[in-house]
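# Report on the structure
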Amino acid sequence: MNAIELSGVNKTFGRVTALRDLNLSVRAGELTALLGPNGAGKTTAINLMLGLAAPSAGQVRVLGGNPRDDVVRARIGSMPQESALPPALTVREAVTLLASFYPAPLPVAQALALADLEGVAHRRSGALSGGQKRRLAFALAAVGNPEVLLIDEPTTGMDAQSRLAFWEAVTALKAAGRTILLTTHYLEEAERAADRVVVMNAGAVLADGSPEALRSQAGGARVSFTSDLVLAELRHLPGAEDVRVDAQGHAQLRTGAPEALLRALIARDVPFSNLEVTRASLEDAFLSLTAPAGPAGKDVTA
Ligand SMILES: Nc1ncnc2c1ncn2[C@@H]1O[C@H](COP(=O)(O)OP(=O)(O)OP(=O)(O)O)[C@@H](O)[C@H]1O
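To keep things clear, this report deals only with the structure shown in the data block. The structure displayed is predicted, hence computed values, not measured ones. (Residues numbered from 1 in each chain as written. Predicted model: local features only at pLDDT ≥ 70, side-chain atom pairs only at ≥ 80, totals over all residues.)

### Observations concerning the environment of S224
Heads up, the condition is: Think of it this way: any DSSP run of H or I at least four residues long counts as a helix, any run of E at least two long counts as a strand, and we number them from the N terminus. Exposure classes come from backbone-placed C-beta atoms, where a residue is buried if 20 or more other C-beta atoms lie within 10 Å of its own, exposed if 12 or fewer do, and partly exposed in between. We call two residues in contact whenever the C-beta atoms placed from their backbones are within 7 Å.
The residue S224 is located in strand 10 (residues 221-227) in this model. For S224, a count of 15 C-beta atoms within 10 Å puts it in the partly exposed group. When the C-alpha atoms of S224 and A251 are compared, they prove to be 5.4 Å apart, with 27 residues separating the residues in sequence. Residues in contact with S224, not counting those within four places in the same chain, are H250, A251, Q252 and E276.

### Considerations on the site of the ligand
Heads up, the condition is: Defining nearness, a residue is near a molecule or strand when the C-beta atom obtained from its backbone falls within 6 Å of it. Residue polarity follows a fixed list, in which Ala, Val, Leu, Ile, Met, Phe, Trp, Tyr, Cys and Pro are nonpolar, Asp, Glu, Lys and Arg are charged, and the others, Gly among them, are polar.
All residues adjacent to the ligand are F13, V16, A18, G36, N38, G39, A40, G41, K42, T43 and T44. Residue assignment for the shell around the ligand shows that the elements contributing at least two residues are strand 2 (16-27) and helix 1 (42-49). At 3 residues, the largest contribution of residues to the shell around the ligand is made by helix 1. By residue class, the composition of the shell around the ligand is 4 nonpolar, 6 polar and 1 charged.

### Let's talk about the sheet that holds strand 9 (residues 204-209)
Formally: Strands qualify as paired when DSSP identifies two bridges or more between them. Between the N-to-C directions of two axes lies an angle of 0 to 180 degrees, each axis being a line fitted to C-alpha atoms and, for a helix, fitted only over the stretch in contact.
Taken together, the 6 strands give an open sheet; going across it, the order is 5-6-7-3-8-9, and neighbouring strands pair in mixed fashion. Every interior strand has two partners, whereas the edge strands, strand 5 (76-79) and strand 9, have only one. Averaged over neighbouring strand pairs, the angle between their axes works out to 15° when direction is ignored. In this sheet, strand 6 (residues 148-152) lies alongside strand 5 in parallel orientation, the contact comprising 4 bridges. Each residue of the ladder has a partner; that of M79, found in strand 6, is I151. Along the sheet face, helix 1 touches strand 3 (31-35), strand 6, strand 7 (179-183) and strand 8 (196-201) and points at about 150° away from the line of strand 6. Against the sheet, helix 11 (residues 282-290) engages strand 3, strand 8 and strand 9, with an angle of about 30° to strand 8.

Next up, the structure:
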């Protein structure tokens, strides 16, 4: 069953088209990472799923209903990019207050533990650090025990330990059957945790699949080595993309066919050293998918 379904969705703000013919379905129980460069339309899509705005055209269904309907909205938890937290309430009071709005909330202690907030439960929200505020926003999103959680850039501003705790909590919520869709600019986190990655650009879906599938679709490998070859020569190696070379002759490039490239390099019979070949990451795939120009346009000499 699909927990979220957007079909043929357009959203315009005056002359700006934020979403154009967006089709996206999220299966129940799945952890989906929505990726895309700034302005791709991720927050706009989430706002439609939250029922905060209506599409200009097309249909948005969450849990089989319209998210602008109160009954549906009560089953969705939201962690926006920036939350207006009640500054005078303590963390525990804020979580308790929000829990009181839901028919079957999590116990407050459980929501505090989930967001790793027990140590600051007595502190006023207004006195929290940036990362602690993000953790409180997460507790507020989860305390209603929602079936669907929509989370916009959760780990921005969190330190390494809070990030780990956040991903553990999200993984536990997924194991408990929740559907989770989140946006992030931390691709290595998405790569580790998400079942599925959806890459958006200019208001539409550009790629959609498991992190592994996207890596191999756009992927290949990163190759680096030191030689006397100059940028133009490096760019002529077969399949070379995103070529960079520094003043010491250390070259880095991406290729879909590392074997062919290495054969050509060896055939040139120039000395080279420091050879490294690593598998392309989700970040490489993302950069290759969302690059504004062709691969040649991205070559640089550092
Ligand atoms: N209320 C609004 N009025 C006018 N334009 C808007 C509004 N909301 C969003 N936009 C525009 O729609 C486009 C998509 O914005 P959106 O915030 O959805 O992108 P995003 O992918 O979430 O970006 P980011 O990664 O920077 O958060 C942008 O061009 C943005 O300027």
